[in-house]
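Chains, contacts and geometry: an overview
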Amino acid sequence: MIFKNSVLEKNKYSIEIDLLSDLQNISKHRLYEMGFEVADKTEEDWIRLFFNVQKRLVTNMPRTILKSKEFVCPPQYSEALKEIEEKIIHGQSLSMYMSKTILDPGYKDLLLFDWNIHHFHLSKRKNRDGFVKRSDFELFVFFTEDIAYLIQIYPHSKSNLYSTQEMIKILHNNWPNLIATNKIQGVLSQKVTDADYGALRKAGITTFVEVGDETIYGVIGGGYATDKSSVEVTRNSDYWKQLMSNYQKLIVSETNNIIDAISRLLDKTANRHLHIQLIFLNDNELTFYEKTNGVCLQLYKEKTYYRLCYPRDLFFDADYYNSRVMRLVNKIHTS
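In what follows, the accompanying structure is described. Owing to the predicted nature of the structure, the values given are computational and were not obtained by experimental measurement.

**Quick notes on helix 5 (residues 166–174)**
- Restricting attention to buried positions, one finds in helix 5 the residues Met-167, Ile-168, Ile-170, Leu-171, His-172 and Asn-174.
- Of the surrounding elements, those touching the buried residues of helix 5 are helix 4 (110–115), strand 4 (117–121), strand 5 (137–143), strand 6 (147–155), strand 8 (209–210) and strand 9 (215–217).

Here's what the structure looks like:
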């Protein structure tokens, strides 16, 4: 998209910018770097797919392991469990123990979306594709940033395995603070069996788990919509899309100031026809490349000024430009 100032203004300028498209491309590239097949896909919403993958993968960071009082491992699977525990403790990838559906960035893991519980195959035998062979038993784990809560091991043949409400009762009995924000006082008007729960979930209908002491829990994993998509994934995706729209409006409104700042950086008159592309982002900052003049622009979400620099200075402690003359007219509040 190209924006131009009024024909009545003396100093003409234009700016070509499409941050939403840039974010889609960055999301697609990150999925590719993570090993997902994206080249032949026609899916347009790469942002949603990226957050869906982020929701499903377990981040590679060291964690402490806690086991429930009810936790029991069949003796013949103790070595396989030990191998997984070692990877958890050292922050190594657990993807090889997951279902192969993890290769599909759009897969809807309803157990995870509903209860925030991951499941892993208990096996040491590897297939040629790097995944472990399907096991007769599966391990169910609730992860936080620094702790892996091992809930229980169940046989793969168990009826209604992924809607076993006992898992929520185990969380309640062992670590109630972990799910306290999802606690509701009361009782369900009708008894819901594991089979009922699974059928409701499969139909995209949200329900609750009753733990037996006039306490029920719901949407522990953020919940799912009627199309079975993750509510949390949708919320994150929509947040970043809206953020791109907000920052694009801000940059366009600051075009004259940005041009003046580029002139000072270059020590010459800047080209007034800007072409700005988003090249990097994280939770704190966004980095853009202005192609026409060959400079970079960084915006900081929690600050009221931006930084202009040469590309070579991006990874060095180059001085910020005077915040007084580069103060943003309209600070974006993201909280």
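**So, the sheet that holds strand 4**
- The strand order across the open sheet built from 4 strands is 3-6-5-4, with neighbouring strands paired in mixed fashion. Each having just a single partner strand, strand 3 (64–67) and strand 4 make up the two edges of the open sheet. Ignoring which end each strand starts from, the neighbouring axes of this sheet average 35 degrees apart.
- Sheet topology note: the strand 4/strand 5 ladder contains 5 bridges and is antiparallel. Following the sheet pairing, Ile-117 is matched in strand 5 by Phe-142.
- The sheet contacts of helix 5 involve strand 4, strand 5 and strand 6, and relative to strand 6 the element is tilted by about 140 degrees.

**Some remarks on the state of the cysteines**
- All chains considered together, the criterion is met by 0 disulfides.
- Here Cys-296 is not disulfide-linked; the sulfur of Cys-309 is the nearest cysteine sulfur, at 5.2 Å.

**Focus: the side chain of Asp-109**
- Summarising the element assignment, Asp-109 is placed in the loop between helix 3 (78–89) and helix 4.
- Despite its burial, Asp-109 remains without a salt bridge, the nearest opposite charge being carried by Arg-56 at 4.2 Å.
- Ignoring any residue separated from it by four or fewer positions in sequence, one finds Asp-109 in contact with Arg-56 and His-119.

**Side note on the packing of aromatic side chains**
- All chains considered together, the criterion is met by 9 aromatic pairs.
- With 5.5 Å between their ring centres and 75 degrees between their planes, Phe-50 and Phe-51 make a pair best called edge-to-face. The same class applies to Phe-50 as to Phe-51, namely buried.
- Arranged with centres 6.0 Å apart and planes meeting at 90 degrees, the rings of Phe-120 and Phe-143 form a pair that is edge-to-face. With Phe-120 in strand 4 and Phe-143 in strand 5, this pair connects stretches of sequence that are 23 residues apart. Phe-143 shares its class with Phe-120; the two are buried.
- Grouped by ring-pair contacts, the aromatic residues Phe-140, Tyr-154 and Tyr-162 constitute a single cluster.
- One Lys or Arg, Lys-158, reaches over the ring of Tyr-154 and ends 5.5 Å from the middle of that ring.

Thresholds, definitions, all that
- Residues numbered from 1 in each chain as written.
- Predicted model: local features only at pLDDT ≥ 70, side-chain atom pairs only at ≥ 80, totals over all residues.
- Heavy atoms only, no water.
- Buried < 20%, exposed > 50% of the residue type's maximum accessible area, 1.4 Å probe, protein only.
- Helix = DSSP H or I, 4+ residues; strand = E, 2+ residues; numbered from the N terminus.
- Contact = heavy atoms within 4.5 Å.
- Pairing = 2+ DSSP bridges.
- Axes fitted to C-alpha atoms, helices over the stretch in contact; angles between N-to-C directions.
- Disulfide = S-S within 2.5 Å.
- Lys, Arg positive; Asp, Glu negative; His and termini not counted.
- Salt bridge = Lys/Arg side-chain N within 4 Å of Asp/Glu carboxyl O.
- Phe/Tyr/Trp six-rings, centres within 6.5 Å; stacked < 30°, edge-to-face > 60°.
- Lys NZ or Arg CZ within 6 Å of the ring centre and 35° of its normal.

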